[in-house]
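Each chain is listed here by its residues.
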There are 2 protein chains.
Amino acid sequence: MVKYQTADLDQTFAALADPTRRAIVARLASGECTVGELSRPFPISAPAVSKHLRLLEGAGLIERRRDGRTQRCRLNAPALDRAVDWITSQRRFWNESLDRLADHLAAQTQEERSS
Amino acid sequence: MVKYQTADLDQTFAALADPTRRAIVARLASGECTVGELSRPFPISAPAVSKHLRLLEGAGLIERRRDGRTQRCRLNAPALDRAVDWITSQRRFWNESLDRLADHLAAQTQEERSS
DNA sequence: TTGATACTTAACCATGTGGTTAATTAATGA
DNA sequence: TCATTAATTAACCACATGGTTAAGTATCAA
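This section reports on the structure supplied with the text.

Procedures and definitions
- Residues numbered from 1 in each chain as written.
- Chains lettered and ligands numbered in written order.
- Predicted model: local features only at pLDDT ≥ 70, side-chain atom pairs only at ≥ 80, totals over all residues.
- Heavy atoms only, no water.
- Helix = DSSP H or I, 4+ residues; strand = E, 2+ residues; numbered from the N terminus.
- Buried < 20%, exposed > 50% of the residue type's maximum accessible area, 1.4 Å probe, protein only.
- Contact = heavy atoms within 4.5 Å.
- Areas by Shrake-Rupley, 256 points an atom, 1.4 Å probe, with all protein chains shown as cover.
- Polar contact = N/O pair within 3.5 Å; in protein donor to acceptor, adjacent residues only side chain to side chain.
- Near = heavy atom within 4 Å.
- Nonpolar A, V, L, I, M, F, W, Y, C, P; charged D, E, K, R; others polar.
- Pairing = 2+ DSSP bridges.
- Axes fitted to C-alpha atoms, helices over the stretch in contact; angles between N-to-C directions.

### Observations regarding the overall build of chain A
Consideration 1: Scanning chain A for helices and strands turns up six helices and three strands.
Consideration 2: Classification of the 115 residues of chain A by burial places 45% in the buried group.
Consideration 3: Within chain A, residue pairs in contact and separated by at least 24 positions form 52% of the contacts whose partners lie at least 6 positions apart.
Consideration 4: Split by element, the accessible area of chain A, about 6,200 Å² in all, is 50% carbon and sulfur.

Below you can see the structure in the form of structure tokens.
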């Protein structure tokens, strides 16, 4: 039985509350890339992207490492896990739609594995 | 294949970013209750709780109905589902720890069902 | 060495949030 | 009818966030 500090969840959920940051996470889910590649699709300034990355890093959702003059970013799985974990653990006491959720996730997982 | 408006997710994740609101969700997960019962455990004023409830309601996470002079609150499952759904759908493209997550969720579900 | 590239930091602004206290509305019960 | 209880709205404050532009810091390449 693992315990998580609530501060982590604060930051994780807050980080996911912004559509730009969710888009960044979605982009990184399909593979590591540089800050430049990451910001190109967005109509906002580089400093704005930089701030988003700092929040995401603070939440533990991403990691950065220098690579010459660029910087490579990648997703960090456990932080996302903890968020899912918190939500699903609420279902523990809430049986009404628990089975529906379980089936939903099972179906999705099935789909992943067969693709 | 279902599409969700991003605004919903903005509000849902933002709502879950606050520890007081997560505690409220956790309390409601174990059953419907009144606003008064809900605020009693918290060291904050009634108006503060009222604001939290408004945000939770705006995010679609809870529903309220008048019952005489009190007000009953209950959780609304689908909003939580959508949040979990967004996170897990990122995993689709991110195979590295997909199996681990699937196993984790399967184990948890098993635990629920057998309890 | 000089200039361009890839970023971050600094300073600023507008807006939203989380809290307060005080005032308001609505339902109940004496 | 009048007081009490349950909860919200109003008005305010401090602070974080999401954006900006301008300036700074490394790294690479000529």
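### Thoughts on the side chain of Asn76 of chain B
Residues and elements named next belong to chain B.
Consideration 1: Position of Asn76 relative to the elements: it lies in the loop between β3 (70–75) and α5 (77–91).
Consideration 2: Under the relative-accessibility criterion, Asn76 is labelled buried at 18%.
Consideration 3: One polar contact links the side chain of Asn76 to the main-chain carbonyl oxygen of Gly60, over a distance of 2.9 Å.

### Comments concerning the protein's contact with DNA strand D
Consideration 1: For DNA strand D, the set of nearby residues contains 22 residues, the closest of which are Arg21, Ser45, Lys51 and His52 of chain A together with Arg64 of chain B.
Consideration 2: Residue His52 of chain A places a side-chain N or O atom 2.3 Å away from a phosphate oxygen belonging to DNA strand D.
Consideration 3: A distance of 3.1 Å separates a base oxygen of DNA strand D from a polar side-chain atom of Arg69 of chain B.
Consideration 4: Going through the elements one at a time, α4 (46–58) of chain A together with α3 (35–39), α4 (46–58) and β3 of chain B are the ones with two or more residues in the surface near DNA strand D.
Consideration 5: It is α4 of chain A that provides the largest number of residues to the surface near DNA strand D, a total of five residues.
Consideration 6: Across the surface near DNA strand D, the residue classes break down as seven nonpolar, eight polar and seven charged.

### Examining the pairing of β3 of chain B
All names here are of chain B.
Consideration 1: Across two bridges, the pairing between strand β1 (residues 33–34) and β3 is antiparallel. Bridge pairing in β3 links Thr34 to Arg72.
Consideration 2: Here six bridges tie strand β2 (residues 62–67) to β3, and the two strands are oriented antiparallel to one another. Across the sheet, the residue bridging to Arg64 is Cys73, located in β3.
Consideration 3: Following β2, the chain reverses through two residues before pairing antiparallel with β3; Gly68 in that reversal takes a positive phi of roughly 65 degrees.

### Focus on the protein's contact with DNA strand C
Consideration 1: In the neighbourhood of DNA strand C, 22 residues make up the surrounding shell, with Ser50 of chain A together with Arg21, Ser45, Lys51 and His52 of chain B lying closest.
Consideration 2: Atoms of DNA strand C within 4 Å of the protein: sugar and phosphate make up 68%, bases the balance.
Consideration 3: Between DNA strand C and Arg64 of chain A there is a distance of 2.7 Å, counted from a phosphate oxygen to a side-chain nitrogen or oxygen.
Consideration 4: One of the backbone nitrogen or oxygen atoms of Gln71 of chain A is found 3.1 Å away from a phosphate oxygen of DNA strand C.
Consideration 5: Counting residues per element, the ones that place at least two in the surface near DNA strand C are α3 (35–39), α4 and β3 (70–75) of chain A together with α4 of chain B.

### Some points on the sheet that holds strand β1 (residues 33–34) of chain A
Residues and elements named next belong to chain A.
Consideration 1: As summarised here, the arrangement of the three strands in space is β1-β3-β2, forming an open sheet in which the pairing is antiparallel. Two strands bound the open sheet, and with one partner strand each, they are β1 and β2 (62–67).
Consideration 2: Across the sheet, helix α2 (residues 19–29) is in contact with β1, β2 and β3; its angle to β3 comes to roughly 90 degrees.

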